[in-house]
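# Structure at a glance
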Amino acid sequence: MGVAVMKLRNPPVNSLSLECLTEFTISLEKLENDKSIRGVILTSECPGIFSAGLDLLEMYGRNPAHYAEYWKNVQELWLRLYTSNMILVSAINGASPAGGCLLALCCDYRVMADNPKYTIGLNESLLGIVAPFWFKDMYVNTIGHREAERALQLGTLFSPAEALKVGVVDEVVPEDQVHSKARSVMTKWLAIPDHSRQLTKNMMRKATADNLIKQREADIQNFTSFISKDSIQKSLHMYLEKLKQKKG
Ligand SMILES: CC/C=C\C/C=C/C(=O)SCCNC(=O)CCNC(=O)[C@H](O)C(C)(C)COP(=O)(O)OP(=O)(O)OC[C@H]1O[C@@H](n2cnc3c(N)ncnc32)[C@H](O)[C@@H]1OP(=O)(O)O
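Counting restarts for each chain, with residues numbered from 1 along the sequence as it is written. Two thresholds apply to this predicted model, a pLDDT of at least 70 for residue-level local features and 80 or more for giving and counting side-chain atom pairs, whereas whole-chain, interface and lining totals are computed over all residues.

## With respect to unusual backbone geometry
Of note, the bond from Pro-11 into Pro-12 is cis; its omega dihedral lies within 30 degrees of zero at 10°. In this structure, Pro-12 sits in the loop between β1 (3–8) and β2 (15–16). Notably, Asn-14 is not glycine yet its phi reads approximately 55°, a positive angle. By the element assignment, Asn-14 lies in the loop between β1 and β2. By the C-beta count within 10 Å, which is 26 here, Asn-14 ends up buried. Residue Ala-98 is not a glycine yet carries a positive backbone phi of 45°. Along the chain, the position of Ala-98 falls in the loop between β7 (94–97) and α3 (99–105). Strands are runs of DSSP state E lasting at least 2 residues, helices are runs of H or I lasting at least 4, and numbering of each runs from the N terminus. To sort residues by exposure, count the other C-beta atoms lying within 10 Å of each residue's C-beta; 20 or more gives buried, 12 or fewer gives exposed, and values between give partly exposed, all with C-beta atoms placed from the backbone.

## Details of the sheet that holds strand β4 (residues 48–49)
Only when DSSP finds a minimum of two bridges between them are two strands counted as paired. Spatial ordering of the open sheet is given by β4-β7-β9, a layout of three strands whose pairing is parallel. On the outer flanks of this sheet lie β4 and β9 (120–121), each paired with one strand and no other. By the bridge criterion, two bridges tie β7 to β9 in an arrangement that is parallel. Counted as the bridge partner of Pro-97 is Gly-121 from β9.

Written as structure tokens, this is what we have:
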């Protein structure tokens, strides 16, 4: 039926390393150019984790040129996903913090597994960093200004039930039904003529995408100078240490 399934596979936690981002963008571009493909189901092959988000090791202890290169690729992936002409459905089968949530938010429909261990949200403030304006714009578009403001300030990671209530996801289903549900949602969306659906999607998303496109270079510079600050590097160091300690 012209549907591809993209499975994120970057063990152990599907963090979005530079290599992973680049491969993801190239795969997406190929699918976009394949006229036989009308829809993509985005999911994960890492048990219990959809994506741990941006790779903290790409943003910690590197040089400004690396941060700039990394951020350019984060922007590129986001623009491709958010403005895709294809129908994107996410089958969220695990934890989905920050950049992981960003991937899901780019989709046209989000199905999440009903497992309270899995959480989703833009938790940047918990790391001592600030979600960029285009993450924020997409959050506001999805859950509204008030909920987004609260969730962004608190860095809320929602349980599936909470995520459904606030509108971060569209549906929560038993874990073993996430993929079948994503497929049935896709079938419903495929019934809509592509040209009218695509034009409608473009109408809804263009202003948000253009907002980044018109200031891409400035956004890269902002990110680079922000992430290079000693205080921010210290926060990331502490967060990485906390992740390590959790194990011990
Ligand atoms: C200026 C603003 C810029 C950018 C916006 C930022 C966006 C982001 O996406 S920042 C990243 C936010 N992500 C997180 O906060 C998630 C952190 N990770 C976790 O909460 C957990 O790892 C998990 C729930 C995703 C999985 O838990 P679990 O299965 O228990 O695995 P571990 O915690 O033991 O992790 C295994 C291994 O992976 C490393 N790791 C985890 N997340 C990341 C990551 N995002 N980037 C890089 N590495 C990550 C973790 O440290 C462990 O490493 P070691 O085995 O070496 O200890």
